[in-house]
Amino acid sequence: MDTSKEAIVTWCREYLADLMEVPAAAIDPQADFDRLGVDSALAVSLLIEVEERYGIDLSPEDLYRNPNLDAVGAYLHEQLAENAA
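Quick caveat, the model's predicted, so the values are computed rather than measured. (Residues numbered from 1 in each chain as written. Predicted model: local features only at pLDDT ≥ 70, side-chain atom pairs only at ≥ 80, totals over all residues. Heavy atoms only, no water.)

Engineer: How should I be thinking about the side chain of Asn 66 in this particular structure?
Structural biologist: On the secondary structure map, Asn 66 appears in the loop between α4 (60–65) and α5 (69–84). Given the relative accessible area of 13%, Asn 66 is considered buried. Engagement of the side chain of Asn 66 in a polar contact is seen with the backbone oxygen of Asp 62, the distance being 2.8 Å. When residues no more than four places from it in sequence are discounted, the contact partners of Asn 66 are Phe 33, Ala 71, Val 72 and Tyr 75. (Helix = DSSP H or I, 4+ residues; strand = E, 2+ residues; numbered from the N terminus. Buried < 20%, exposed > 50% of the residue type's maximum accessible area, 1.4 Å probe, protein only. Polar contact = N/O pair within 3.5 Å; in protein donor to acceptor, adjacent residues only side chain to side chain. Contact = heavy atoms within 4.5 Å.)

Structure below.
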């Protein structure tokens, strides 16, 4: 599995787009979640799916500190690299 920041952002973008029933291109990875219309239910779905896919426990506080997909991708990439070391 590709765990580069770009691959993680792409997967998260496609996952959210599917949940929101919009094209992935409509999800700006640099837009804050609230601007994208990501509510708490969507955020929890993303947290659960990230844990299942990457084995990283992403908390709601982590989303608050990383409020867009680019930031989440960088955070997850860093966590995965630390776990692999």
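Resuming the write-up.
Engineer: I tried to follow the packing of helix α1 (residues 5–20) against α5 on my own but got confused; where do I start?
Structural biologist: Relative orientation and spacing of two packed helices are given, respectively, by the angle between their axes and the distance between those axes. Packing of α1 against α5 brings their axes to within 8 Å, and their N-to-C directions diverge by 130 degrees. When the axes of α1 and α5 are compared, the pair comes out oblique. Seen along the crossing, α1 lies across α5 with a hand that is right-handed. Here Lys 5, Ile 8, Val 9, Cys 12, Arg 13 and Leu 16 of α1 come into contact with α5, specifically with Leu 69, Asp 70, Gly 73, Ala 74, Leu 76, His 77 and Leu 80. (Axes fitted to C-alpha atoms, helices over the stretch in contact; angles between N-to-C directions. Parallel < 35°, antiparallel > 145°, perpendicular 65-115°, else oblique. Left-handed = near helix turned anticlockwise from the far one by under 90°.)

Engineer: Before we go on, may I ask you to explain the environment of Leu 76 in this structure?
Structural biologist: With respect to the helices and strands, Leu 76 occurs in helix α5. Since its relative accessible area comes to 0%, Leu 76 is described here as buried. C-alpha of Leu 76 to C-alpha of Ala 41: the two residues are 35 residues apart in sequence and 20 Å apart in space. In contact with Leu 76, not counting residues within four places along its chain, are Ile 8, Val 50, Ile 56 and Leu 58.

Engineer: How should the pattern of salt bridges be read in this particular structure?
Structural biologist: Side-chain pairs of opposite charge can arise where the charged atoms are in close proximity. Evaluation of the coordinates by the stated rule reveals two salt bridges. In this structure, Asp 70 and Lys 5 form a salt bridge, with 3.7 Å as the shortest nitrogen-oxygen distance. Of this pair, Asp 70 sits in helix α5 while Lys 5 sits in helix α1; the two residues are 65 residues apart in sequence, bridging distant segments of the chain. Take Asp 70: its relative accessible area is 19%, and that puts it in the buried class. The partner of Arg 65 in a salt bridge is Asp 62, and the shortest N-O contact between them spans 2.7 Å. Highlighted residues: Arg 65 and Asp 62, both in helix α4, separated by three residues, approximately one helical turn. Note on Arg 65: relative accessible area 56%, which makes it exposed. (Salt bridge = Lys/Arg side-chain N within 4 Å of Asp/Glu carboxyl O.)

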